[in-house]
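This is what each chain is made of:
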Amino acid sequence: MPWETVLEKVIRVQNTQQLSVVKNLTVHEVVMRLMRKDNYLIEMVNKGVLSIPVSKWLPGAGRTVKVGPNGRRQRLILTKTLEWTLNWSILQSMFDRNFCIRTDFISNPTSLKRRLVVIGLVMLLLSPFLVIFMLVYLFLRHAEQFYNHPSTASSRKWSNLSRWMFREFNEVEHLFRHRINSSIVHAVDYLRQFPAPILSIFAKFIAFIAGGCPAVLIMVAFLDEFLLEGHIFGRNLLWYAAVSGAITAVSRAAIPDVPLVMEPERSMTLVVQHTHHLPKRWRGKENTAAVRREVENLFQLLYGNDVVGRDGFHFPDSVFAFAVPKMVDDIVKFIADFTVNVEGVGDVCSFSTFNFQSHGNSKYASPCDSSRARRSSQGKMEKSFLSYPSWKPNAQGAQFLTILRTLRDEKLQAPFAGYGLARQQAWPWTTNLRDIGIENTDLVKEPMQNAHGSRDHWGSLWLTKPDQRTHPHLLDWFYTSHRHLLR
């Protein structure tokens, strides 16, 4: 059953049963209640609150957020262990039974600091046992998969940090998982646009040498099978055959498939189509090594991702008692500054209410322009609003959609002037604008059914240019065109 249908049924139940003692809830308010805690964590990552002074070489470390007073760069980091600890120690404990922020949580951050120090010390003491447990768990989880599919050794998936960077306000888990999983094949294709000839040659050499060992042993077996029982350095030849076979499988998986046509810009377009993540420092530089390294840092090797994401090399365990308590003041200030009370819902992250007056960014087509400290980074609130299921927006939301509708009409009238927007120019791999975050009931009058079963009101419209350089998100085009300067 589509998610939108579930929400509609919940709303209809209110006619017979009282779900809220205060008032009948709207679809938006129901989702805000479900996403209450996740929305805070999404914006903490977006605003760079969860930053720690670590080296860029540390696995799992994200972009630089700020430079500390001692000159050390503070980078985003959010391993799975750190996420679990933050969720348990902060997000689960900061609300009272009425779903309002507890007064003592804001007024007394010292107690939270002490709690985090205790948690960090306990996890540090347990870290030797956790290391053993995680190694056994990862071996049992991946051994069969690696045995039957050796090519998974070079498989990749999005890191835990990147998932919280890509997730949007009020986006429930199953819809986000569908969106982000759809981007994996395109992210792999993007990294293939940067072949590593030295690595390829080395992998082919290892595969050639290791692959020859079993062949030699087979010939030996034909001559005299008892020779296989001979021992070299305490191991019989069958053991060496098994090891060389495993090495051959891994090295062959490491040999990259070089695409016939090198188009990193097009590949990045397809990635952004699903992730909705296109930092300003990436725009126009998709074919550079710097952008590739950032993508590799977010899109990590499968087995390394599990070690870093779940266990973090026990980095969170060892620094929690020292680094994370120093972030408490910033976390508490963030929660105090970006919390609003919604009748019938309780306290929620203010960005999830889609209040353009308080958090709008005119560079991303918002009708209001708030201060930089009050905006979301990279237009996340505006993109989240467009990705949201069909519902009736308020006056500011309607004005925001009107601005985009005007842009759409202009591009439909002049599809070949600069960046065109037209159905006849839609790329063959496009499906609908839910995938690129453009969907709402008030945009056009000809709805279409999308993959999620909801109604998509723009169809497969893409921003294109004659040289096939595309902006997969309309708001990114709005920003780069400097259209906000003309308003």
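Parameters at a glance
- Residues numbered from 1 in each chain as written.
- Predicted model: local features only at pLDDT ≥ 70, side-chain atom pairs only at ≥ 80, totals over all residues.
- Heavy atoms only, no water.
- Buried < 20%, exposed > 50% of the residue type's maximum accessible area, 1.4 Å probe, protein only.
- Helix = DSSP H or I, 4+ residues; strand = E, 2+ residues; numbered from the N terminus.
- Lys, Arg positive; Asp, Glu negative; His and termini not counted.
- Salt bridge = Lys/Arg side-chain N within 4 Å of Asp/Glu carboxyl O.
- Polar contact = N/O pair within 3.5 Å; in protein donor to acceptor, adjacent residues only side chain to side chain.
- Contact = heavy atoms within 4.5 Å.
- Phe/Tyr/Trp six-rings, centres within 6.5 Å; stacked < 30°, edge-to-face > 60°.
- Pairing = 2+ DSSP bridges.
- Patch = residues over 30% accessible without salt bridge, like charges linked within 9 Å, V, L, I, M, F, W, Y side chains within 5 Å.
- Areas by Shrake-Rupley, 256 points an atom, 1.4 Å probe, with all protein chains shown as cover.
- Axes fitted to C-alpha atoms, helices over the stretch in contact; angles between N-to-C directions.
- pLDDT = per-residue confidence, 0-100.
- Parallel < 35°, antiparallel > 145°, perpendicular 65-115°, else oblique.
- Nonpolar A, V, L, I, M, F, W, Y, C, P; charged D, E, K, R; others polar.
- Arc of directions from axis to C-beta.

Undergrad: Would you mind showing me how to read unusual backbone geometry here?
TA: Note on backbone geometry: most residues besides glycine have negative phi, and most peptide bonds are trans. Of note, Asn-170 is a non-glycine position whose phi angle comes to about 65°, a positive value. The class for Asn-170 is buried, based on a relative accessible area of 5%. One non-glycine residue, Gln-378, adopts positive backbone phi at about 60°. Turning to its location among the elements, Gln-378 is positioned in the loop between helix 17 (356-359) and helix 18 (380-387). Residue classification places Gln-378 among the partly exposed positions, given a relative accessible area of 22%.

Undergrad: I would appreciate a short explanation of the side chain of Arg-36 in the present structure.
TA: Of note, Arg-36 is situated in helix 3 (residues 36-47). Buried and unpaired, Arg-36 has Asp-347 as its nearest opposite-charge partner, separated by 6.8 Å. A distance of 2.9 Å separates a polar side-chain atom of Arg-36 from the backbone oxygen of Val-345. One polar contact links the side chain of Arg-36 to the main-chain carbonyl oxygen of Asp-347, over a distance of 2.9 Å. What Arg-36 contacts, discounting residues up to four positions off in sequence, is Phe-95, Phe-99, Val-345, Gly-346, Asp-347 and Val-348.

Undergrad: Got a minute to help me understand the environment of Asp-369 in this structure?
TA: Inspection of the secondary structure puts Asp-369 in the loop between helix 17 and helix 18. Once the C-alpha coordinates of Asp-369 and Ser-358 are considered, the two residues, eleven residues apart in sequence, prove to be 8.2 Å apart. If we ignore the near neighbours within four places in the chain, the residues touching Asp-369 are Gly-360, Asn-361, Ser-362 and Arg-375. Among the polar contacts listed, one links the side chain of Asp-369 to the backbone nitrogen of Ser-362, at a separation of 3.3 Å. Within the structure, Asp-369 has its side chain in polar contact with the side chain of Arg-375 (distance 3.0 Å).

Undergrad: Would you mind going over the packing of aromatic side chains with me for this structure?
TA: We describe a pair of aromatic rings using the distance from one ring centre to the other and the angle between the two ring planes. Throughout the structure, instances matching the rule amount to eleven aromatic pairs. The interplanar angle of 80° and the centroid separation of 5.5 Å between the aromatic rings of Phe-385 and Phe-400 together place this pair among those described as edge-to-face. Separated by 15 residues along the polypeptide, Phe-385 in helix 18 and Phe-400 in helix 19 (residues 395-413) bring together distant segments of the chain. A network of ring pairs unites the aromatic residues Phe-169, Phe-334, Phe-338 and Phe-351 as a single cluster.

Undergrad: What am I meant to see in the pairing of strand 2 (residues 64-67) here?
TA: Every regular strand shows the same layout, with side chains that alternate between the two sheet faces. Bridge count between strand 2 and strand 3 (residues 73-76): three bridges; the pairing is antiparallel. In the sheet register, Thr-64 faces strand 3, and the bridge partner there is Arg-75. Linking strand 2 to strand 3, which pair antiparallel, is a turn of five residues; within it Gly-71 sits at a positive phi near 85°.

Undergrad: Help me out: how do you make sense of helix 18 in this one?
TA: Side chains that are three or four residues apart share a direction in an α-helix, a result of its 3.6 residues per turn. In terms of burial, helix 18 is largely enclosed, as eight of its eight residues are buried. For helix 18, the set of buried residues is Lys-380, Met-381, Glu-382, Lys-383, Ser-384, Phe-385, Leu-386 and Ser-387.

Undergrad: For this particular structure, what's the right way to read the pattern of salt bridges?
TA: If charged atoms from side chains of opposite charge come close, those side chains can pair. A complete count under the given rule lists 14 salt bridges for this structure. Between Arg-179 and Glu-171 there is a salt bridge, with the nearest N and O atoms lying 2.7 Å from each other. Grouping residues by exposure puts Arg-179 and Glu-171 together as buried. Notably, a salt bridge pairs Asp-369 with Arg-375, separated by 3.0 Å at the nearest N-O pair. The class for Arg-375 is buried, based on a relative accessible area of 15%. Connected through shared salt-bridge partners, Asp-38, Arg-163, Arg-167, Glu-173 and Arg-177 make up one network.

Undergrad: Teacher, can you tell me more about a nonpolar patch on the surface here?
TA: Residues Val-118, Val-122, Leu-126, Phe-129 and Leu-130 make up a contiguous nonpolar surface patch of about 450 Å² in total accessible area. Looking at where Val-122 falls in the secondary structure, it is placed in helix 6 (residues 109-148).

Undergrad: How do you make sense of the sheet that holds strand 1 (residues 51-53) when you look at a structure like this?
TA: Note on sheets: strands pair through backbone hydrogen bonds, and any given pair is parallel or antiparallel. Across the sheet, which stays open at both edges, the three strands sit in the order 1-3-2 with antiparallel pairing between neighbours. Lying at the two open borders of the sheet, with one neighbouring strand each, are strand 1 and strand 2. Across the sheet, the mean angle from the axis of one strand to that of its neighbour is 35°, orientation sign disregarded. The pairing of strand 1 with strand 3 spans three bridges and is antiparallel. Residue pairing in the sheet places Ser-51 in a bridge with Leu-76 of strand 3.

Undergrad: Help me out: how do you make sense of the confidence of the model for the protein chain in this one?
TA: Parts of the prediction with low pLDDT should not have their coordinates interpreted in detail. For the protein chain, per-residue confidence averages 76 on the pLDDT scale, and residues scoring 70 or more make up 75% of the total. Note on residues 415-472: pLDDT is under 50 here. Beyond four places in sequence and across chains, it has 162 contacts.

Undergrad: Help me out: how do you make sense of the packing of helix 1 (residues 3-13) against helix 2 (residues 27-34) in this one?
TA: Working note: a packed helix pair is described by the angle between its axes plus the distance between those axes. Relative orientation of the contacting elements helix 1 and helix 2 amounts to 105°, with a least axis distance of 10 Å. Considering the angle they form, helix 1 stands roughly perpendicular to helix 2. Listed contacts from helix 2 to Trp-3, Leu-7, Val-10 and Ile-11 of helix 1 are Val-27, Val-30, Val-31 and Leu-34. Across the contact of helix 1 with helix 2, the residue classes break down as eight nonpolar, no polar and no charged.

Undergrad: Where do I start with helix 9 (residues 184-191) in this structure?
TA: Of the residues making up helix 9, those classed as buried are His-186, Ala-187, Tyr-190 and Leu-191. Relative to the axis of helix 9, the buried residues are bounded by an arc of 140° and lie together on one face. Buried residues along helix 9 sit against strand 4 (156-158), helix 12 (264-275), helix 13 (289-298) and strand 7 (299-301).

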